[in-house]
Amino acid sequence: MSTAAAELRSKRFAAAVPDLERIEAMPLLAEIDALKHARNAVVLAHNYQAPAIYHGVADFTGDSLALAQQAARSEAEVIVVAGVQFMAETAKLLNPTRMVLISSLAAGCSLAESISAADVRALRRRHPGVPVVSYVNTSAAVKAESDICCTSANALRIVESLGVPKVIFLPDRYLGHHVQQQTGIELVLWEGACEVHERFTGAQLRGLRRDHPGLQIVAHPECPPEVLAEADFVGSTQGMVDHLARSKPAQVVLITECSMSDNVAGEFPEIRFVRPCNLCPHMRQITLVGIRDALRDLRHEVTLPAEIIAPARRALERMLAVGRA
Ligand code: 13P
Ligand code: SF4
């Protein structure tokens, strides 16, 4: 990292992390840096990670798609995923010769847990010949049963890339509904939902608009339709950041996991962030101590059966070939 980049990182870390937490974190940051050098390791952190991780130890940050792309091209010997299980599995699938570590085995995802490989096989029996698009928020076993993956950044583009009149889209019914509104392709949906985004309501958003005149509402497509109907912009977590850079609203609310605003506020000092808070309990399982322990003891390595790796990787590689929207 260049000196200028290191200075910027430490400035943002100081701005985003409260004093006491910062004092506690400093020795851990030094330990993690030393372990990263010793192990030739990188830390890939999702946008929902706590600011101390996002600004303090991440070598790369981004949405699910960006983390997958980064994992695929990483030359580090060890990749530590500061994110949830499906993100770590995706990194392993795309770079199977590297050691991929996740610092907590409890970092799941309500969407990934909503559907099994057997469910996908049953859907295929019910809809013969209909291709399966699975959201990246799924287990490797579900990906292995799928034709192609997508993320919230490219779901519409992936569905349309198939050139067919009907697609099985799983497991997020809200993301599926959002895609369905933008395409003539018929989608067969599954009943999965994100436990964080489904808590937002249209009434909450109308209340925020009333309380903050001129507020711009930016929402993640995992939110229910009544929430997305109130939004000025809908996009993936990285899509939100790109949108802020383009449109520079005077004040904004990001309708998504609340660490996101804490993390990106430093990049946009001229924007006022209104911050209702829904935390993802799974993302919160990842801590600096856990990352230090994973790197020190090489613990919680992601391993996947060979018969799953090949087909699941194929579904991910097809997605990467289509790219971002
Ligand atoms: P993004 O792909 O937009 O980063 O979203 C991942 C996720 O888990 C959202 O809840
Ligand atoms: Fe899963 Fe929702 Fe947490 Fe994202 S925010 S990891 S979709 S539970």
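How each quantity is defined
Residues numbered from 1 in each chain as written. Chains lettered and ligands numbered in written order. Predicted model: local features only at pLDDT ≥ 70, side-chain atom pairs only at ≥ 80, totals over all residues. Heavy atoms only, no water. Core = buried A, V, L, I, M, F, W, Y, C linked by side-chain atoms within 4.5 Å. Buried < 20%, exposed > 50% of the residue type's maximum accessible area, 1.4 Å probe, protein only. Contact = heavy atoms within 4.5 Å. Salt bridge = Lys/Arg side-chain N within 4 Å of Asp/Glu carboxyl O. Near = heavy atom within 4 Å. Polar contact = N/O pair within 3.5 Å; in protein donor to acceptor, adjacent residues only side chain to side chain. Areas by Shrake-Rupley, 256 points an atom, 1.4 Å probe, with all protein chains shown as cover. Nonpolar A, V, L, I, M, F, W, Y, C, P; charged D, E, K, R; others polar. Disulfide = S-S within 2.5 Å. Helix = DSSP H or I, 4+ residues; strand = E, 2+ residues; numbered from the N terminus. Axes fitted to C-alpha atoms, helices over the stretch in contact; angles between N-to-C directions. Parallel < 35°, antiparallel > 145°, perpendicular 65-115°, else oblique. Pairing = 2+ DSSP bridges.

Asks: Any chance you could explain the nonpolar core here in plain terms?
Replies: As a rule of thumb, nonpolar side chains are buried together in soluble globular proteins. By size, the foremost hydrophobic cluster in this structure holds 90 residues, and its most contacted members are Leu254, Val264, Phe273, Leu288 and Ile291. Sequence-distant contacts of Phe273, defined by excluding residues within four places in its chain, comprise Leu244, Val252, Leu254, Ser261, Val264, Ala265 and Phe268. Leu205, Cys223, Val227 and Ile255 belong to the second-largest nonpolar core, a separate cluster that totals 13 residues.

Asks: Looking at this structure, how should I read the pattern of salt bridges?
Replies: A pair can form between side chains of opposite charge whenever their charged atoms are brought close. Under the definition given, this model contains 17 salt bridges. A salt bridge links Asp297 to Arg296, with the nearest nitrogen and oxygen atoms 3.0 Å apart. The class of Asp297 is partly exposed, set by a relative accessible area of 41%. For Arg296, a relative accessible area of 39% translates into the label partly exposed.

Asks: Teacher, can you tell me more about the site of ligand 1 here?
Replies: Every residue close to ligand 1 is listed here: His46, Tyr48, Asp63, Ser64, Asn137, Ser152, His197, His220, Glu222, Ser236 and Thr237. Contact between ligand 1 and His46: an oxygen atom at 2.6 Å from a side-chain N or O atom of the residue. Protein contacts shield 96% of the accessible area of ligand 1, which totals 310 Å² for the unbound molecule. Of the residues that constitute the shell around ligand 1, the class distribution is one nonpolar, eight polar and two charged.

Asks: How should I be thinking about the state of the cysteines in this particular structure?
Replies: Working definition of a disulfide: a covalent bond connecting the sulfur atoms of two cysteines. Counting across every chain of the model gives one disulfide. The side chain of Cys258 participates in a disulfide bridge whose partner is Cys277; the two sulfur atoms lie 1.9 Å from each other. With a gap of 19 residues between them, Cys258 in the loop between β11 (251–255) and α13 (259–264) and Cys277 in the loop between β12 (272–274) and α14 (288–297) connect regions that are remote in the sequence. Just so you know, Cys150 is unpaired, no disulfide at all, and the nearest cysteine sulfur is the one on Cys149, 7.5 Å from it.

Asks: What's the story with the packing of helix α5 (residues 85–94) against helix α15 (residues 306–322) in this structure? I'm lost.
Replies: Any two packed helices are characterised by how steeply their axes cross, that is the angle between the axes, and by the distance between the axes. Where α5 contacts α15, the axes come no closer than 9 Å and their chain directions differ by 95°. Of the possible angle classes, the one that applies to α5 and α15 is roughly perpendicular. Contact residues: Thr90, Leu93 and Leu94 in α5; Ile309, Ala312, Arg313, Leu316, Glu317 and Leu320 in α15.

Asks: Explain the sheet that holds strand β8 (residues 186–189) to me, please; I cannot follow it from the model alone.
Replies: By definition, the strands of a sheet pair up through backbone hydrogen bonds, in either a parallel or an antiparallel sense. Read from one edge of the open sheet, four strands run β6-β5-β7-β8, paired in parallel fashion. What marks the edges here is a single partner per strand, and that holds for β6 (148–150) and β8. Pairs of neighbouring strands in the sheet enclose a mean axial angle of 30°, with direction left out of account. As defined by bridge partners, strand β5 (residues 132–135) adjoins β6 across three bridges and the pair is classed as parallel. Opposite Val133, over in β6, you have Ile148 as the bridge partner. The strands touched by helix α9 (residues 173–180) within the sheet are β5, β7 (166–170) and β8, with β8 carrying the most contacts at an inclination of about 175°.

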